[in-house]
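# Observations on the model geometry
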Amino acid sequence: MPWDSEMVARFKQRYGSGIREASTYLGQSYMIVDSSLIHEILQLLRDDEGFDYCVDVTAVHYPQREQQFDVVWILYSFARNLRIRVKTLIHETESVPSSVDLWVTADWLERECFDMFGIKFDGHPNLKRILLPDGWKGYPLRKDYGIIQQDKEWVQINLGIESGQ
Amino acid sequence: MNPTSTSNLDLDTRQETFLDANELIINMGPQHPATHGVLRVILKLDGEKVLGTECVIGYLHRGVEKIAENRTYTMFNPYVDRMDYVAAVSNGLGYCEAVEKLLNVEAPPRARYIRVILTELNRLASHQLWLGTHALDIGAMTPLFYTFRDREEILKIFEKYCGARLTTHAFRIGGCVYETYDGFEDDVKKFLKFVPPKIDEYEELLTTNRIWLERTRNVGTISAKDCIAFGVTGPVLRASGVKWDIRKAQPYSGYENFDFEIPTGQNGDTYDRYLVRLAEMRQALRIIDQAVNSIPEGPIMAKIPKVIKPPVGEIYHSIEAPKGELGYFIVSDGSTQPYRVRVRPPSFVNLQALDLMVRGALVADVIAVIGTLDIVLGEVDR
Amino acid sequence: MLDYITSYLKSTSTPGQAGNYFWATVYILIIFGGVSVAVMAMNWLERKALAHFQIRLGPMRVGPHGLLQPIADAVKLLTKEDIIPDGADKMVFWIAPLIILCAAFTTYIVIPFGPTHAVTDLNIGILFMLGVSSLSVLGVVMAGWASNSHYPLIGGLRSSAQMVSYEVAMGMAVVSAVLMTSLHGLGLYGVAANGSGMGTGTLSMISIVQAQYDQQAWFIFKFFPLGFLAFGLFAIAMVAETNRAPFDLPEAESELTAGFHTEYSGLRWSLFMLGEYAAMIAVSSIAVTLWLGGWMRPFPHWLAGGTWDLVFSLFPGFTFLALAGFAFLGVIRMPKHPLFKIQTIGLAGFGAVLGLIGLILFIPPVRDRIQDIYWFAAKVAMFMYLYIWYRATFPRYRFDQLMKLGWKVMLPLGIGVLILTAVLGVIL
């Protein structure tokens, strides 16, 4: 269902085709935005539209698609009591501008995205792995990473287990 | 986790002898006497003052989100309890409600009321555990035993209802699977009479205790603006003055039918968080009281297909867990297994604020602040 | 032989003053044994009382109601491996617990259990006690240093800083009490009966209690509220002095620095524990002597006379009979299960022993001599219970708050109390 609101109308007017889609599904609104415009739009959302609380930053991997990753920001505005999603599609070699300068909470959230998917965020002050050990190879939440797959080398070196499992 | 990894604290500033060091790097290792779980905090100290911290997490990472992609929706339900194992019922509620939204069904009213009662009981149990362990960290040994004894009563109710005390798996997608047992209402009502004097007991021991006040006033202060910037939610946000609770702002599971207040604090320090959580305990009792006196009759399970195959789409649903905003972002591709389940853990996001809260405080305060943030490592690491 | 004993029992001075080495040694041995038993009892009481505060039972299995637990603990500690850290300074490591222990036990020389029941009555008794108990700070620093690891060192430094700070406040309180000994007047406000003003002040422990007797008022009530304030100051400072809750940050487990006794295991650790409890009893004895009338029974002047003396002298016997009664109550409530037979018999035996002691304490000659020791011990026991109560109830003070309390609150208060006592003493 298309998402009709004056906020979306303003954005569409300003960015035209940069806003690829703005719809509502099951009562939840989301926007799909070009990856080149994402930082600007997030900034506008925070400053002008009052989305001061970044609920989550996450990603989804679609290996069959041309632009494999869906990076999703879930934002909430206290004033409007409205929660929206802003998505952008990127290829696995691309990187996304980091939103740490907009919301400090994005710090660890983006680190987790990087850890699990390998998506690089430009401008992040400390883009290291957060949940997995530092020397781990591989990005587990990608679809081509098996569920019982482990970084055998890391396990052998650090835990001293011969088989690596 | 690699011990020789560099952190964003400059390890090269470590001096030769520890006596004339200006900056000391101390490791609060993964094992703690305080029962918070496996959290490693690297502190950069100047004598007693904390200059900076770095949290190393991931010791309890079990790959729950990856597992979700390999299980059907119903099979994934028990995994959800294990994340925030202290408040397992809330986790289950969030997940079941998210999938129900995706299926565009609603649980029947009776199921909703039962869910509310169990979730609020769980909120009470979680806060009681928090209080006991937080007081223990600060040095008061006795409240731990009192709160655990009272928490036993709640766990007994859970055990009678669904067979498990801690990781309950109480709810199913579409409603509840177990009908309330005979005497459920009586047990709950008896509990409602039993517990308020106990909460008064905890207050008597701690609230006006001069030592408690000195240890918690103006310790770990965080302003409302910083809370929002850090995405901190739950009692921490409310203690900083922002009156926001998802149960009131975007009600779910029938919370709009109940009359309760949102306690807030003013200063955003540890003492305010303590008061806010105590007040939340009393409000939870209020909600349970209203709910248990008016459970409607009817079915407990909505009509959902035997094999759950939600249509293609995404949903984000969040609830007010005892620790903060617990959110589930589920992407479905039309098959029986979810395509992506993302859990937005409140403890993970709250823990980020630790660095800001302990800047300039003393070492003994770090432990108090970790306690007051009420983190559960199962949720931080998933 | 018997004549020797009875003649001694009629003497009116302490063995030290009488130059009697034999009896002095006997007293020392009795005190040594008594304090050791008291420490064991205190260990048991602490675990049981703490457990009951926390709505659990405490040790129940080792003896009936855990009465043999301290013995089991002692055996365990004695048979543990003696671990010395690699780079530790062995000599200092070995000596540190001994210094603390000796400092704690040496103070018992002057503690007056009765008018003639002290090993000796130094005329600088109280000064001696304060001085010797300060020596334990040395032991603490040595322990922290010798462990060759920074957590014990920091813990040791903190401990010693804490002990030294609170000694100053203790000193002020003690001087206030000593000042009160130099008054002639009777009653709470020491209004001189014949207007003659000053008597001779004294630092000797026995004379301090004697002065309380002569002035017909426990010093805690003298110049109310000054005596009370001085007592309160001392009571709080002594808890900080012995590193007990709520001032036990240096040795708490959930804080980072684990305390000066981290690296000690087995027998050495038990020496620290022994020293700590002995120090607790010693400083409680100071408090009792200086403010609570030492060995005096309640109301020696107001309720004077033969019958009242008799009534109060029956207290020790009745106390032990009451304890025996509790033991027999426990026997009755024991589960009627064959596995509990030995415990039941043990408890009954223990109760019988207590009852027997109680009956012995009714025999007139014993009754008279035991009076003073009993009242002294009862008052000290009350303090021991308070120590445990504090530990169960209060959270811990942070170190800077602790030091702030010692220097910024207690010291000015102590000086104020001292000045006011002196002024009142001169005016009234």
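Below: a short report on this structure.

### Remarks on the interface of chain B and chain A
By a widely used convention, the size of an interface equals the accessible area lost when the partners come together. Counting residues at the interface gives 34 residues for chain B, matched by 29 residues for chain A. The set of elements that each furnish at least two residues to the side of chain B that touches chain A consists of α1 (64–68), α8 (224–230), β6 (313–321), β7 (324–332), β8 (340–344) and α12 (346–352) of chain B. Here the side of chain B that touches chain A gets 4 residues from one element, more than from any other, and that element is β7(B).

### Observations concerning the sheet that holds β7(B)
All names here are of chain B. Read across the sheet, 3 strands follow the order β6-β7-β8 without closing on themselves; strand pairing throughout is antiparallel. Edge positions in the sheet fall to β6 and β8, since each has one partner strand and no second. The mean inter-strand angle of the sheet, taken between neighbouring strand axes irrespective of direction, is 15°. The pairing of β7 with β8 spans 5 bridges and is classified as antiparallel. Across the sheet, the residue bridging to phenylalanine 329 is arginine 342, located in β8. Contacting β6 and β7, helix α3 (residues 88–103) runs over the sheet at an angle of about 150° to β6.

### Topic: the packing of helix α7 (residues 150–180) of chain C against helix α9 (residues 226–241) of chain C
Residue and element names in this part refer to chain C. Where α7 contacts α9, the two axes come as close as 8 Å, and the packing angle between them is 155°. Relative to α9, the element α7 lies roughly antiparallel. Here α7 runs over α9; the crossing is left-handed. On α9, the residues touching Gln162, Met163, Tyr166, Glu167, Ala169, Met170, Ala173, Val174, Ser176 and Ala177 of α7 are Leu226, Ala230, Leu233, Phe234, Ala237, Met238, Ala240 and Glu241. Here the contact of α7 with α9 is built from residues that sort into 14 nonpolar, 2 polar and 2 charged.

### Side note on the interface of chain B and chain C
Counting from both sides, the interface comprises 25 residues of chain B and, opposite them, 22 residues of chain C. Listing elements by their share of the side of chain B that touches chain C, those giving two or more residues are β1 (24–28), α4 (109–138), α5 (142–162), α7 (210–216) and α14 (363–373) of chain B.

### Structural notes on the pairing of strand β2 (residues 28–33) of chain A
All names here are of chain A. Where strand β1 (residues 19–25) lies against β2, 6 bridges are found, and the strand directions are antiparallel. What sits directly across from alanine 22, in β2, is methionine 31. What sits between β1 and β2 in their antiparallel hairpin is a turn of 2 residues, with leucine 26 showing a positive phi close to 55°. Note: β2 against strand β5 (residues 82–90), 5 bridges, orientation parallel. Paired with isoleucine 32 across the bridge in β5 is lysine 87.

### Topic: the nonpolar core
Counting 269 residues, the largest nonpolar core has A:Leu75 and C:Ala237 as the members making the most contacts within it. With residues up to four places along the chain from it excluded, the contact list for C:Ala237 reads C:Tyr166, C:Ala169, C:Met170, C:Ala173 and C:Met410.

### Looking at the sheet that holds β1(A)
All names here are of chain A. Read across the sheet, 5 strands follow the order β1-β2-β5-β4-β3 without closing on themselves; strand pairing throughout is mixed. The open sheet terminates on both sides in strands that have one partner only, identified here as β1 and β3 (53–61). When strand polarity is set aside, the average angle formed by the axes of neighbouring strands in this sheet is 20°.

### Describing the packing of helix α6 (residues 125–146) of chain C against α7(C)
Angle between the axes and distance between the axes are the two parameters that describe a pair of packed helices. Running from N to C, α6(C) and α7(C) cross one another at 170°; their axes reach a closest spacing of 8 Å. Taken as axis vectors, α6(C) and α7(C) run roughly antiparallel relative to one another.

### Looking at helix α2 (residues 38–47) of chain A
Residue and element names in this part refer to chain A. Within α2 the residues assigned to the buried category are Ile38, Ile41, Leu42 and Leu45. Buried residues of α2, viewed axially, fall in a sector of 100°; they line one side. Where α2 is buried, its residues touch α1 (6–15), β2, β4 (69–77), β5 and β6 (95–97).

### Structural notes on the arrangement of the chains
Contacts are most numerous between chains A and B, considering all 2 pairs of chains that are in contact. Over all C-alpha pairs, chain A and chain C never come within contact, reaching a minimum spacing of 25 Å.

### With respect to the environment of B:Ile138
Mapped onto the elements, B:Ile138 comes out in helix α4. Under the C-beta neighbour-count criterion, B:Ile138 is labelled buried, with 29 such atoms within 10 Å. Separated by 48 residues in the primary sequence, B:Ile138 and B:Ser90 have C-alpha atoms spaced 28 Å apart. Apart from residues no more than four positions distant in its own chain, B:Ile138 is found in contact with B:Arg215, B:Ala368, C:Pro395 and C:Arg396.

### Overview of the pairing of β7(B)
Residue and element names in this part refer to chain B. Across the 9 residues that make up β7, a large majority, 9, are buried. By the bridge criterion, 9 bridges tie β6 to β7 in an arrangement that is antiparallel. When the sheet's bridge partners are listed, serine 318 is paired in β7 with glycine 327. In this structure, the hairpin formed by β6 and β7 is closed by a connection of 2 residues.

### A short note on the environment of B:Ile287
Residue and element names in this part refer to chain B. Of note, isoleucine 287 is situated in helix α11 (residues 270–292). Isoleucine 287 sits in the buried class, given 22 other C-beta atoms within 10 Å. With 26 residues separating them along the chain, isoleucine 287 and glutamate 261 place their C-alpha atoms 9.7 Å apart. Among all residues touching isoleucine 287, those that are not within four sequence positions of it are Val116, Glu120, Phe258 and Phe260.

Thresholds, definitions, all that
Residues numbered from 1 in each chain as written. Chains lettered and ligands numbered in written order. Predicted model: local features only at pLDDT ≥ 70, side-chain atom pairs only at ≥ 80, totals over all residues. Contact = placed C-beta atoms within 7 Å. Helix = DSSP H or I, 4+ residues; strand = E, 2+ residues; numbered from the N terminus. Pairing = 2+ DSSP bridges. Axes fitted to C-alpha atoms, helices over the stretch in contact; angles between N-to-C directions. Parallel < 35°, antiparallel > 145°, perpendicular 65-115°, else oblique. Left-handed = near helix turned anticlockwise from the far one by under 90°. Nonpolar A, V, L, I, M, F, W, Y, C, P; charged D, E, K, R; others polar. Core = buried A, V, L, I, M, F, W, Y, C linked by C-beta atoms within 7 Å. Buried ≥ 20, exposed ≤ 12 C-beta atoms within 10 Å, placed from the backbone. Arc of directions from axis to C-beta.

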